[in-house]
Amino acid sequence: METPPSTLLQLLDIETLDVDLFRGTAPNTDVQRTFGGHVAAQSLVAAVRTVQEERSVHSLHAYFLRPGSPKHNIIYTVDRIRDGRSFSTRRVVATQQGKAIFHLSASFQVHEDGPEHAEAMPDVPSPDELENLPDQLKRYGVDWQPPHPEWASMDMRYVKLPNEAAAERSGRLQAWIRSLDTFPDEPHLHACVLTYMSDVSLLGASITPHGLFPGGPDRIRLASLDHAMWFHRPFRADEWMLYDMQSPSASGARGFSRGQVFTQDGRMVASVVQEGLTRPKA
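Reading the values: rules and limits
- Residues numbered from 1 in each chain as written.
- Predicted model: local features only at pLDDT ≥ 70, side-chain atom pairs only at ≥ 80, totals over all residues.
- Heavy atoms only, no water.
- 1 Å grid on protein atoms, 1.4 Å probe; cavity = no way out; pocket = protein on both sides within 12 Å on 5 of 7 lines; lining within 4 Å.
- Points joined across faces, edges and corners; volume = space filled by probe spheres on them.
- Helix = DSSP H or I, 4+ residues; strand = E, 2+ residues; numbered from the N terminus.
- Nonpolar A, V, L, I, M, F, W, Y, C, P; charged D, E, K, R; others polar.
- Buried < 20%, exposed > 50% of the residue type's maximum accessible area, 1.4 Å probe, protein only.
- Pairing = 2+ DSSP bridges.

**Q** Kindly report on the layout of surface pockets, identifying the contributing residues and their values.
**A** If you add up the space inside the second largest pocket, you get close to 770 Å³. Surrounding the second largest pocket, 21 residues form its lining, Gln-109, His-111, Phe-231, His-232 and Arg-233 being those nearest its centre. Listing elements by their share of the lining of the second largest pocket, those giving two or more residues are strand S3 (55-64), strand S6 (99-110), helix H5 (187-197) and strand S9 (220-231). Residues belonging to the lining of the second largest pocket are distributed by class as follows: 9 nonpolar, 8 polar and 4 charged.

Here's what the structure looks like:
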């Protein structure tokens, strides 16, 4: 029997079954649904395995079709849509028990030079000035336990906790994030790790303008519907990154959030957009 993954490094080490066919092992968890970032990151790993090494992922667009079950492994089928002179495109379908649960399209590009500009990083406290998430929550009497085992291999430090942002009805969350696993110097792997981490808190920003926050006492259902990312510059996911998340709109029981990711020295390295279900429970 396979040992279930308990770290991000283990989670992303998916198994090759055949040409363009892969299997991701499910972690040992008691939650009812597979974490969305888990499926997105493993899907990107599958796509990466079919692309020439010199081509880096620059964008991905994905839809969550059905809730994934943590009781079953996930099969990833890759379709090699296109290999051009500069770009490659891959489509990945993730299935469980014969049903599609997730669909991802990713684009890869050889390195090219051109004009460059980027927004400046917000002025926030450094991660060394902030407590880690378990200690931050202890101030509110919460003994936080990771809902997914691999979350224990992440370090996340909010500038303001979601409940504090909800009290201010800010529509903005900011957190320093990094993987505690040390990853090899492979840019594709770091992009996959960031893909996982980018789904941890983004949707929560869309309910803070209403005085709500994930895990709060109010009965509201949160679920990712789609997810898109653009990778602008190289980075390491095992070093500190600021994740600046804002929600400009919510309507129709759907919250819309966007995020920017910066390295600690202020380089903007990625952008993220997500829409998710924000449905009040009966």
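The discussion continues.
**Q** Tell me what's going on with the pairing of strand S11 (residues 254-263), and back it up with residues and numbers.
**A** Within S11, 7 of the 10 residues are buried, leaving the element largely enclosed by the surrounding structure. The pairing of strand S10 (residues 241-251) with S11 spans 9 bridges and is classified as antiparallel. Paired with Ser-249 across the two strands is Phe-256, which belongs to S11. Where S10 hands over to S11, the hairpin turn is made up of 2 residues, of which Gly-252 adopts a positive phi near 60 degrees. Judged from the 9 bridges that link them, S11 and strand S12 (residues 268-280) form a sheet pairing that is antiparallel.

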